[in-house]
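Structural overview for review
This is what each chain is made of:
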Amino acid sequence: MAAASCLLTEHQFLCSICLDVFTDPVSTPCGHNFCKTCITEHWDINYPYQCPNCKEVFNTRPELQVNTLISVIAAQFRQSAQQKASSSSSEQQVAKPAEVHCNVCTGTKLKALKSCLVCLVSYCETHLEPHLTMSGLKKHQLIDPVENLEDRMCLKHDKLLELFCKTDQMCVCMLCAISDHKTHDVVPLREEYEGKKAELKVEIQQMILKRRLKIEEIKHSVELSKEDADREIADGVQVFTALKKSVERSQAELMDTIKEKQRKTEKQAEGFIKELEQEISELKRRSTEVEQLSRSEDHVHVLQSFTSLNTAPPTKDWTEVSVCPLYDGTVRRAVNQLEEMISKQMKKLFTEVELKRVQQSAVDVTLDPDTAHPGLILSEDGKQVKHGDVWKNLPDSPERFDSCPNVLAKQSFSSGRFYYEVQVKGKTNWYAGVARESINRKGKITPNPWNGYWIISLRNGNEYKACADPSVSLSLKSRPEKVGVFVDYEEGLVSFYDVDAAALIYSFTGCFFTEKLCLFLSPCLNYSGSNSAPLIISPVSHTW
């Protein structure tokens, strides 16, 4: 019978209702087989009674009896199928080189499903069974399979490492906790694990957040870069358009100059030709007269006439007369002049563009009366300062200048770019720029970058200097009436501009700023009224 069952296929032992191997198979009057439970439940909820396969209807509910032969064959088939499945399962569980293998298996090592921290052994599915069924072994702590379980044992006491010493940041056993780590902060291993896991989770989330913020920062930088690029393109178009117009204008002027010279040359040549043609006509006339005399036999008359012809008005000596060639260096001179003009204009245009760009960083600043020298007079809005004739009785606070007629602004800056303008019209002496917030304000002051000052000055009406170390004399083409001061904190740059002339006056470069910077002004003494005009901070404009 076993041999017969081997000749049958699997689908012959499947119930068409549950699609599984027959359990208590029964046959209907029409000859089809079903699990007894399946056909019974089917007919309990369906009427009339009919075969699920051929749909034959039965007037009365058939009496069902178990088909003994099919039942035996089905049981044998089920057992064979289970053996095959078990064999296949075992083959799939053979441990691979990189996997943890069962420590109990002899011969072929199967893949371990769990490791026991009590037994310090890793088990496959079969050998793990006692830990899942026996009450004593059920209490053992099982974990996902791991190698080197001996590493989880205390080397000193040969006990399981099940505690964690926070003081020494190490795993310990129970004996360690009551001996070497008795006074330490010791907690269960799982508690520390949960804490570390939560801590790591928070740390990872913070790292993710930082990186997301960095992404936003980079995106913002790209946007700013695009804005800067757009501005640079617009500025470049403006500069090169102006230069193109200058070149085209110079070209037109050069063409006009050359054409005018050509016209003069042609006019001069026409005059020479006309004069030469007149002389040729005169010479032809005389030649005719000579020819006529040569035919005469009256020698006396011929000799007398020859003398008169010879004394006629002499013709012009044309030996040194010439028409100058067109090329006389005009083009070369024009090109040299154009190069010089373009160089100057480029410098001016770039300065204009640069000034417009830095003016976008304009800030609204007001002067701080608490820092002003007692001899200074500030306007109510804090935008003007001049030196008076009266020394006011003010408290000598640490913030106030006590010897030099200086004043700082209320606002300070420790990053980014900022710009302000100050009117210096009518002044013969002044200082303007920026200074560190911590500068010395008492006694004599030497303003230079080493002492925290980045300023320029006017002395004696015409001596402009950059207060460097040593100071730098400045040669200016025009007398500034309004000075612009620009600072790029990160770049370490402080630049001064003649606003009306759109010209760069001077730049401090390579500066190293480590603290807040403030606007610094000094109207200097009024010198009996000759320097009484105020320094005036210009209002911020949004039309630059």
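See the structure shown above.
Residues numbered from 1 in each chain as written. Predicted model: local features only at pLDDT ≥ 70, side-chain atom pairs only at ≥ 80, totals over all residues. Heavy atoms only, no water.

Within the protein one finds nine helices and 23 strands. In terms of overall dimensions, the protein is more spread out than a globule: its C-alpha atoms have a radius of gyration of 56 Å, far above the 24 Å expected for 544 residues. The C-alpha extent of the protein, read off along each of the three principal axes, is 180 × 105 × 55 Å. Out of the 544 residues belonging to the protein, those deemed buried represent 32%. Sequence separation of 24 or more characterises 56% of the internal contacts of the protein that already satisfy a separation of 6 or more. On the protein, roughly 34800 Å² of surface is accessible, and the fraction owed to carbon and sulfur atoms is 54%. Averaged over its 66 positive side-chain charges, the protein has a centre that lies 3 Å from the centre of its 74 negative ones. (Helix = DSSP H or I, 4+ residues; strand = E, 2+ residues; numbered from the N terminus. Rg over C-alpha atoms; globule rule 2.2 N^0.38 Å. Buried < 20%, exposed > 50% of the residue type's maximum accessible area, 1.4 Å probe, protein only. Contact = heavy atoms within 4.5 Å. Areas by Shrake-Rupley, 256 points an atom, 1.4 Å probe, with all protein chains shown as cover. Lys, Arg positive; Asp, Glu negative; His and termini not counted. Charge placed at Lys NZ, Arg CZ, Asp CG, Glu CD.)

Most peptide bonds are trans, and most residues other than glycine sit at a negative phi. That bond from Tyr47 to Pro48 is cis: its omega, 0°, falls within 30 degrees of zero. With respect to the secondary-structure elements, Pro48 resides in the loop between helix H2 (36-45) and strand E3 (49-50). The peptide bond linking Asp469 to Pro470 adopts the cis configuration, its omega dihedral lying at 5°. Counting through the fold element by element, Pro470 comes out in the loop between strand E17 (463-466) and strand E18 (472-474). With phi around 50°, Asp24 is a residue other than glycine that occupies positive phi space. Its place among the elements puts Asp24 in the loop between helix H1 (2-6) and strand E1 (25-27). At Gln169, a position not held by glycine, the phi torsion is positive, near 55°. Relative to the elements of secondary structure, Gln169 occurs in the loop between strand E8 (163-165) and strand E9 (170-172).

As summarised here, the arrangement of the three strands in space is E6-E5-E7, forming an open sheet in which the pairing is antiparallel. For this open sheet the edge positions go to strand E6 (121-123) and strand E7 (142-143), each flanked by a neighbour on one side alone. (Pairing = 2+ DSSP bridges.)

In terms of nonpolar packing, the biggest core is built from 38 residues, with Trp430, Val494, Phe508 and Leu521 touching the most fellow members. For Val494, the residues in contact, after removing those within four places along its chain, are Val434, Trp454, Val485, Phe486, Val487, Tyr506, Ser507, Phe508 and Phe513. Counting residues in each nonpolar core, the second largest holds 18 residues, with Phe13, Cys15, Val26 and Leu64 among its members. (Core = buried A, V, L, I, M, F, W, Y, C linked by side-chain atoms within 4.5 Å.)

Now for the pairing of strand E19 (residues 482-488). Of all seven residues in E19, six are buried; the element is thus mostly enclosed. Relative to E19, strand E14 (residues 417-423) is paired through seven bridges, and the arrangement is antiparallel. Bridge pairing in E19 links Arg417 to Asp488. Bridging between E19 and strand E20 (residues 493-498) involves six bridges; their strand directions are antiparallel. In the strand pairing of E20, Gly484 is matched with Tyr497.

When you line up the elements, Glu192 lands in helix H7 (residues 189-294). Apart from residues lying up to four places away in sequence, Glu192 is in contact with Phe164, Lys166 and Val187.

What follows covers the sheet that holds E9. With antiparallel pairing, three strands are arranged side by side in an open sheet as E9-E8-E10. Because the sheet does not close on itself, it has two edges, and the strands there are E9 and strand E10 (186-188). Neighbour-to-neighbour, the strand axes of the sheet open up by a mean angle of 35°, direction not taken into account. Here three bridges tie E8 to E9, and the two strands are oriented antiparallel to one another. In the strand pairing of E9, Leu163 is matched with Val172. The sheet contacts of H7 involve E8, E9 and E10, and relative to E10 the element is tilted by about 90°. (Axes fitted to C-alpha atoms, helices over the stretch in contact; angles between N-to-C directions.)

This part is about the side chain of Ser397. Note on placement: Ser397 falls in the loop between strand E12 (384-387) and strand E13 (407-413). With a relative accessible area of 19%, Ser397 lands in the buried category. With sequence-adjacent residues up to four places away left out, Ser397 is seen in contact with Asp370 and Lys442.

Let's shift gears to the pattern of salt bridges. Within the structure shown, the criterion is met by 16 salt bridges. Note that Asp144 is salt-bridged to Lys114, the shortest N-O span being 3.3 Å. Taken together, the residues span a long stretch of sequence, with Asp144 in the loop between E7 and E8 and Lys114 in strand E5 (residues 114-116) at a distance of 30 residues. Overall, Asp144 belongs to the exposed group, its relative accessible area being 55%. In this structure, Glu192 and Lys166 form a salt bridge, with 4.0 Å as the shortest nitrogen-oxygen distance. (Salt bridge = Lys/Arg side-chain N within 4 Å of Asp/Glu carboxyl O.)

Counted by the stated rule, this structure contains twelve aromatic pairs. In this structure an aromatic cluster arises from ring pairing among Trp43, Tyr47, Tyr49 and Phe58. (Phe/Tyr/Trp six-rings, centres within 6.5 Å; stacked < 30°, edge-to-face > 60°.)

Time to look at H2. For H2, every residue scored as buried is listed here: Cys38, Ile39 and Trp43. End-on, the buried residues of H2 take up no more than an arc of 120°, which puts them together on one face. Exposed and facing more than 90 degrees away from the buried side of H2 are Asp44 and Ile45. (Arc of directions from axis to C-beta.)

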